Amino acid sequence: MAPLSVAFISMRMPPSFDKKDHGLRTLRIAAYGGLIFGTYSDQTEPLEDYLGPHSLSQIQRLLVQRKPKVIGYLRQKIPGNWKLYNENVRDPYHGSLLHTFQVSFGLQTPAMKGGIKMDKDGKNTWNHSILSADDNKHQGDLAAAYSGTDKFNPGLKLNDPSLAQVKLDLDDNIKTTILSMFPTLILAQVDNTYAVRHLRPKGPDAVELHITYLGFESDTPEQLQSRLLSVNFIGPSGYISLEDGEALRLVQEGAKMRSGDHAVLEMGGIGVIQDTDYLSQEISIRGFWRHYHRMMAFGLDAGINQQQEPV
Ligand SMILES: [Fe+2]
């Protein structure tokens, strides 16, 4: 057997090697309202331009005008693609169709005032509903519209109605705010429950939703108790959002079986992607996809943005 030869390799690098050229990729960081954003791209515009005026004003409204403090966390793994969750939070009208709890107890109805406001790219969306004196004027119409379904039963009452009778602690009558910032951040106000939702994709078939619930330094013990009570709306077993997780699973399964097909958005599926002052819309889903296509350089922009029907 030939003797083993041992080679000693010099660890000295050649003169042309410069450590500056071989470091970790630098993450650009910027903060607004206590939220920290990061990007590896040096092409991304300054944060405030990226977020747009509606995101900035809602972050101010929800996180800056009072000093927030964390009151709890929830984490939920959903068997669906992260982009489906982005569709879910950009579709405000499903609330009164999917969520029996909301409709049954009059928390959210299709007739509520509100709107959809986007940034210049259509990628960030502020969906909001507004309380008004008219909200309960159409109970008869609702009963007729939901006739034959189990969605609306005006005779149904909660044993503990305090959950559904929340007096808003801001004086602007905005009942819900779902602020979705491309690609993975949502700031949400549902009544007096404030939360940051962060999406962490776990491959094409799953996403983890990390929810951080917020109260405020100025809260009284009663306000804190009220916030903790209404946390029951949202989360993996929340009265409202457990259905969102299941809807994502169903859509994921359906999408896999229809590979190559196109989805049709009936509510706002044609024309210019622009703000609306009503909620029965899913137009900002198109805003999301248009921006996603741009980011991925799919080259499909022309067909989904202009004043023409999509091709
Ligand atoms: Fe929902």
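Residues numbered from 1 in each chain as written. Predicted model: local features only at pLDDT ≥ 70, side-chain atom pairs only at ≥ 80, totals over all residues. Heavy atoms only, no water.

It is worth spelling out the packing of helix α3 (residues 82-90) against helix α9 (residues 283-296) at this point. Between α3 and α9, whose axes approach to 8 Å, the crossing angle comes to 145°. Contacts from Trp 82, Lys 83, Asn 86, Glu 87 and Arg 90 of α3 reach α9 at Ser 284, Ile 285, Phe 288, Trp 289 and Tyr 292. (Axes fitted to C-alpha atoms, helices over the stretch in contact; angles between N-to-C directions. Helix = DSSP H or I, 4+ residues; strand = E, 2+ residues; numbered from the N terminus. Contact = heavy atoms within 4.5 Å.)

Right, let's get into the coordination of the iron ion. Reference values for coordination geometry: four tetrahedral donors around a metal ideally subtend 109.5 degrees, six octahedral donors ideally subtend 90 or 180 degrees. The coordination sphere of the iron ion, as far as protein atoms go, consists of His 94 (NE2), His 99 (NE2), Asp 244 (OD) and Asp 244 (OD), spread over 2.1 to 2.5 Å. If you look at the iron ion, its four donor atoms make angles of 56 to 144° with each other, and the shape they trace is irregular. If you list the donors of the iron ion from N- to C-terminus, the spacing comes out as H-x4-H-x144-D. Here Asp 244 lies in helix α8 (residues 242-257) and His 99 lies in the loop between α4 (95-98) and α5 (100-104), a separation of 145 residues in the sequence. A relative accessible area of 2% places His 99 in the buried class. (Donors = N, O, S within 2.8 Å, 3.2 Å for Na, K, Ca; no water. Tetrahedral: all angles 85-135°; square planar, octahedral: opposite > 155°, others 65-115°. Buried < 20%, exposed > 50% of the residue type's maximum accessible area, 1.4 Å probe, protein only.)

Right, let's talk about the nonpolar core for a bit. Within soluble globular proteins, side chains that are nonpolar generally end up buried alongside one another. By size, the foremost hydrophobic cluster in this structure holds 47 residues, and its most contacted members are Leu 51, Ile 59, Tyr 85, Met 181, Leu 187 and Phe 233. In this view, Met 181 contacts Phe 37, Leu 51, Ser 55, Ile 59, Arg 90, Asn 124 and Leu 187; residues no more than four positions away in its chain are not counted. (Core = buried A, V, L, I, M, F, W, Y, C linked by side-chain atoms within 4.5 Å.)

It is the contact of α3 with α8, at a shortest axis distance of 10 Å, that shows an interaxial angle of 125°. Taken together, the axes of α3 and α8 are oblique relative to one another. Crossing handedness for the pair α3 and α8: right-handed. When α3 is examined against α8, the residues Leu 84, Tyr 85 and Asn 88 are found in contact with a partner set consisting of Asp 244, Leu 248, Val 251 and Gln 252. A class-by-class count of the residues in the contact of α3 with α8 yields four nonpolar, two polar and one charged. (Parallel < 35°, antiparallel > 145°, perpendicular 65-115°, else oblique. Left-handed = near helix turned anticlockwise from the far one by under 90°. Nonpolar A, V, L, I, M, F, W, Y, C, P; charged D, E, K, R; others polar.)

Empty space among the atoms can be located by rolling a probe the size of a water molecule over them. One pass over the structure, following the stated rule, counts three cavities of 30 Å³ or more. Estimates place the volume of the largest cavity at around 410 Å³. At the level of elements, β3 (68-78), α3, β5 (125-130), β6 (174-181) and α8 are the ones that each hand at least two residues to the lining of the largest cavity. Classifying every residue of the lining of the largest cavity by side-chain character gives 10 nonpolar, 13 polar and three charged. Put simply, the second largest cavity is a space of about 40 Å³. Forming the boundary of the second largest cavity are Gln 102, Leu 107, Gln 108, Lys 175, Thr 176, Val 190, Asp 191, Phe 233 and Ile 240. When grouped by side-chain class, the residues that make up the lining of the second largest cavity number four nonpolar, three polar and two charged. (1 Å grid on protein atoms, 1.4 Å probe; cavity = no way out; pocket = protein on both sides within 12 Å on 5 of 7 lines; lining within 4 Å. Points joined across faces, edges and corners; volume = space filled by probe spheres on them.)

It is worth spelling out a positive patch on the surface at this point. Together, Arg 75, Lys 77, Arg 200 and Lys 202 line one region of the surface with positive charge. Mapped onto the fold, Arg 75 is located in strand β3. (Patch = residues over 30% accessible without salt bridge, like charges linked within 9 Å, V, L, I, M, F, W, Y side chains within 5 Å. Areas by Shrake-Rupley, 256 points an atom, 1.4 Å probe, with all protein chains shown as cover. Salt bridge = Lys/Arg side-chain N within 4 Å of Asp/Glu carboxyl O. Lys, Arg positive; Asp, Glu negative; His and termini not counted. Charge placed at Lys NZ, Arg CZ, Asp CG, Glu CD.)

Right, let's talk about the packing of aromatic side chains for a bit. Following the criterion strictly, the structure yields eight aromatic pairs and no others. Aromatic side chains Tyr 194 and Phe 216 sit 5.0 Å apart centroid to centroid with 85° between the ring planes, which places their arrangement in the edge-to-face category. Taken together, the positions of Tyr 194 in strand β8 (residues 193-201) and Phe 216 in strand β9 (residues 207-216) put the pair 22 residues apart, joining distant regions of the chain. Of the two residues, Tyr 194 and Phe 216, neither departs from the other in class, the shared state being buried. With a centroid separation of 6.4 Å and 10° between ring planes, the pair formed by Phe 288 and Tyr 292 is classed as stacked. With a gap of four residues between them, Phe 288 and Tyr 292 both fall in helix α9, about one helical turn apart. Phe 288 sits in the buried class, given a relative accessible area of 0%. (Phe/Tyr/Trp six-rings, centres within 6.5 Å; stacked < 30°, edge-to-face > 60°.)

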